[in-house]
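Structural overview for review
Here's the letter readout for the chains.
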Amino acid sequence: MMNVASRRVLSVASRRVTTSRQFSALLEVTEEYPGIPSLSPQAAKASKASVSTLPSGLIVVTEDACTTSTVTMTYPKAGSGSEMLGEEGAALINKCLAFNSGSGLSTILINRTIENEGATPFASADRSGATLGYTVEPENAIGLVPLLALDCTFEKWDVRDAKALAGYQISEANKSAEIVLTEQIFSAAYGASSPMGRPFYCNDAGTYEIASFRSRGYGLNGAILAATGVKDHAAFCTEVDALTAEAPKGDGSPSPTATYLGGEARLSAPSMGYAHVALAFEAKVSSAMRNVIKQCLTLVGKNAGVSAFETSGLVGVYAGAPSEGVGAIDAALTETLTAELTPEIIAIAKAIAKADATFALDCGSKGLAAAMTAAVLENGSFTDAATVAKAYDTIAEKDVTAAVAAMLKSTPSLAAVGDIGVVPYQGTFASRF
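Here the structure is a predicted model, which means the values were calculated and not measured.

All right, on to helix H7 (residues 233–243) then. For H7, the set of buried residues is His233, Phe236, Cys237, Val240 and Leu243. Seen from one end, H7 has its buried residues packed into an arc of 130°, which puts them on one side. Across from the buried face of H7, at angles greater than 90 degrees, the exposed residues are Thr238 and Ala242. Its side-chain oxygen 3.3 Å from the backbone nitrogen of Ala234, Asp232 forms the N-cap of H7.

How two helices pack is summed up by the angle between their axes together with the distance between the axes. One can describe the packing of helix H8 (residues 287–301) onto helix H10 (residues 343–360) by two numbers: an axis separation of 8 Å at closest approach and a directional angle of 125°. Between H8 and H10, the crossing angle belongs to the class labelled oblique. Handedness of the crossing formed by H8 with H10: right-handed. Taking contact as the criterion, the partners of Asn291, Val292, Gln295, Cys296, Leu299 and Val300 in H8 are, on H10, Ile345, Ile346, Ile348, Ala349, Lys350, Ile352, Ala353 and Asp356. Residue composition of the contact of H8 with H10, by class: ten nonpolar, two polar and two charged.

Averaged over every residue, the pLDDT of the protein chain is 90; residues scoring 70 or more account for 89%. The model gives residues 16–21 a pLDDT under 50, and that stretch makes three contacts with residues more than four places away or in other chains.

With that settled, the discussion passes to the packing of aromatic side chains. The full count for this structure, using the stated rule, is five aromatic pairs. Taken together, a centroid distance of 4.8 Å and an interplanar angle of 40° make the contact between Tyr75 and Tyr218 tilted. Linking Tyr75 in strand E3 (residues 69–75) with Tyr218 in the loop between helix H6 (207–217) and strand E6 (224–227), this pair joins segments that are 143 residues apart in sequence. Ring geometry for Phe281 against Phe433: centres 5.3 Å apart, planes inclined by 85°, an arrangement best described as edge-to-face. Of this pair, Phe281 sits in strand E8 (residues 274–282) while Phe433 sits in the segment after helix H14 (426–430), and the two are 152 residues apart along the sequence. Given a relative accessible area of 0%, Phe281 falls into the buried group. Ring pairs connect the aromatic residues Phe186, Tyr190 and Tyr260, which therefore count as one cluster. One residue, Arg432, lies across the ring of Phe429, its end atom 5.2 Å from the ring centre.

Pairing between sheet strands relies on hydrogen bonds along the backbone, with the strands arranged either parallel or antiparallel. Spatially, six strands are ordered E1-E2-E6-E3-E5-E4 in an open sheet, and the strand pairing comes out mixed. Of all strands in the sheet, those bounded by a partner on one side alone are strand E1 (49–53) and strand E4 (120–125). The average undirected angle you get between the axes of adjacent strands in this sheet is 15°. Summarising the sheet, strand E2 (residues 59–63) and E6 pair through four bridges and their orientation is parallel. Across the sheet, Ile59 pairs through a bridge with Ile224, a residue of E6.

A few words now on empty space enclosed by the protein. Counted under the stated rule, the structure contains three cavities of 30 Å³ or more. What lines the second largest cavity is simply Tyr75, Leu132, Leu148, Ala149, Leu150, Arg214, Tyr218, Gly219, Leu220 and Pro248. Tallied by class, residues from the lining of the second largest cavity come to eight nonpolar, one polar and one charged.

Glancing now at the sheet that holds E8. Taken together, five strands build an open sheet; the order of strands is E7-E11-E8-E10-E9 and the sheet is mixed. Looking at strand neighbours, the two that pair on one side only are strand E7 (264–268) and strand E9 (307–311), the edges of this open sheet. For this sheet the average axis-to-axis angle between neighbouring strands, irrespective of direction, equals 15°. Across five bridges, E7 lies against strand E11 (residues 413–418) in parallel orientation. Note on E11: the bridge partner recorded for Ala265 is Ala415. Those strands touched by helix H9 (residues 329–338) are E8 and strand E10 (314–322), and its axis lies near 150° from that of E10.

The buried fraction of H9 is high, at seven of ten residues. Next to the buried residues of H9 lie E8, H8, E10, helix H13 (397–408) and H14.

Each value, and the rule that gives it
Residues numbered from 1 in each chain as written. Predicted model: local features only at pLDDT ≥ 70, side-chain atom pairs only at ≥ 80, totals over all residues. Heavy atoms only, no water. Buried < 20%, exposed > 50% of the residue type's maximum accessible area, 1.4 Å probe, protein only. Helix = DSSP H or I, 4+ residues; strand = E, 2+ residues; numbered from the N terminus. Arc of directions from axis to C-beta. Polar contact = N/O pair within 3.5 Å; in protein donor to acceptor, adjacent residues only side chain to side chain. Axes fitted to C-alpha atoms, helices over the stretch in contact; angles between N-to-C directions. Parallel < 35°, antiparallel > 145°, perpendicular 65-115°, else oblique. Left-handed = near helix turned anticlockwise from the far one by under 90°. Contact = heavy atoms within 4.5 Å. Nonpolar A, V, L, I, M, F, W, Y, C, P; charged D, E, K, R; others polar. pLDDT = per-residue confidence, 0-100. Phe/Tyr/Trp six-rings, centres within 6.5 Å; stacked < 30°, edge-to-face > 60°. Lys NZ or Arg CZ within 6 Å of the ring centre and 35° of its normal. Pairing = 2+ DSSP bridges. 1 Å grid on protein atoms, 1.4 Å probe; cavity = no way out; pocket = protein on both sides within 12 Å on 5 of 7 lines; lining within 4 Å. Points joined across faces, edges and corners; volume = space filled by probe spheres on them.

Here it is as structure tokens:
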């Protein structure tokens with residue numbers, strides 16, 4: 001049955017101007033030559049963000065300066081780290097069900113509505129959550145919001161197609177050594193049988209498990225709606241509250257907490273002729289500190305072919321080499337992690353990390369929406385670029401060295417893929433720190 005929000009989507013999406021306009025109507029009387037710079041341009045202004053929590057538990061964060069609008073709905077409990085036993089693959093398949101039949105609307109109608117509004121839809125998911133969104137002109141931003149919170153009906157043809165798409169994505173992921181190594185490092189860090197350690201790229205779940213997972217993970221309570229290019233935050237929140245009144249609310253339970261273990265995951269494939277090795281540690285610090293540590297390790301290890309990575313709760317280093325050079329990988333990783341971090345290295349790392357974080361706010365409305373969502377997830381709020389920059393400015397040299405020392409005291413997690421016969425085992429690495 002079609003609910004009020006669904007009817008609103010159709011009415012908004014069906015607005016079309018059918019009458020033709022004369023050329024003279026396209027010009028203002030004060031604009032003699034269209035397209036030339038304005039004689040009295042408005043001064044550029046800094047972006048201003050606002051955050052509110054609706055009665056449904058949905059957190060809404062908007063900013064008012066973008067010329068295009070990206071609207072995203074992030075569900076923190078819809079990642080594979082929230083899957084229960086028997087639900088392996090439910091996160092990936094539900095991501096593939098994005099913008100499919102639900103709330104009285106068919107898949108064809110939903111996607112035609114999005115196309116008619118000139119929007120570009122997208123969906124993503126990982127271990128920590130799932131995000132649905134679209135980029136569109138600001139005047140069309142609000143009308144498509146209900147499509148981000150559909151009550152999925154799991155039509156058999158939609159589930160069939162979603163599982164097929166998930167299967168294709170799994171086959172493509174298995175062709176990438178980097179993705180396989182990522183799966184292995186999570187398995188090593190959190191345990192192969194834990195939700196966070198099990199593979200994300202999996203499609204074993206049946207329709208019942210897919211629906212059960214969605215009922216827990218895709219609710220408004222605790223979700224984050226981010227929108228750029230919104231001039232009136234209060235009016236936007238009022239309309240969002242009305243449009244999502246009949247959307248699934250969820251159970252309001254907190255996201256599961258992953259327990260770091262530290263261990264080893266090895267996948268031997270000598271025929272690859274190459275080895276990929278990653279070594280990670282638990283990092284209970286802010287995202288800004290993780291970014292700074294990552295840049296420090298990257299600067300230290302770049303001459304040895306070592307790069308660094310960070311994700312929620314983890315910081316680590318990675319190196320790869322052809323079969324004849326595999327023996328040098330363990331020394332390169334160890335030396336990178338144990339090298340002294342000089343004041344110069346820390347200063348450069350802070351500058352690079354700060355630049356990356358602030359640039360992410362200025363590389364389009366989609367990147368800004370993602371940054372706002374990440375800030376709300378971590379801190380409960382988002383203000384502006386100056387606040388983001390301040391988070392890096394307040395990090396002192398002693399804070400970085402202390403964070404690295406604490407990180408190296410945790411049990412290391414080792415992941416190795418490829419021709420890894422001479423790569424030491426995790427216990428050997430652990431004895432070096």
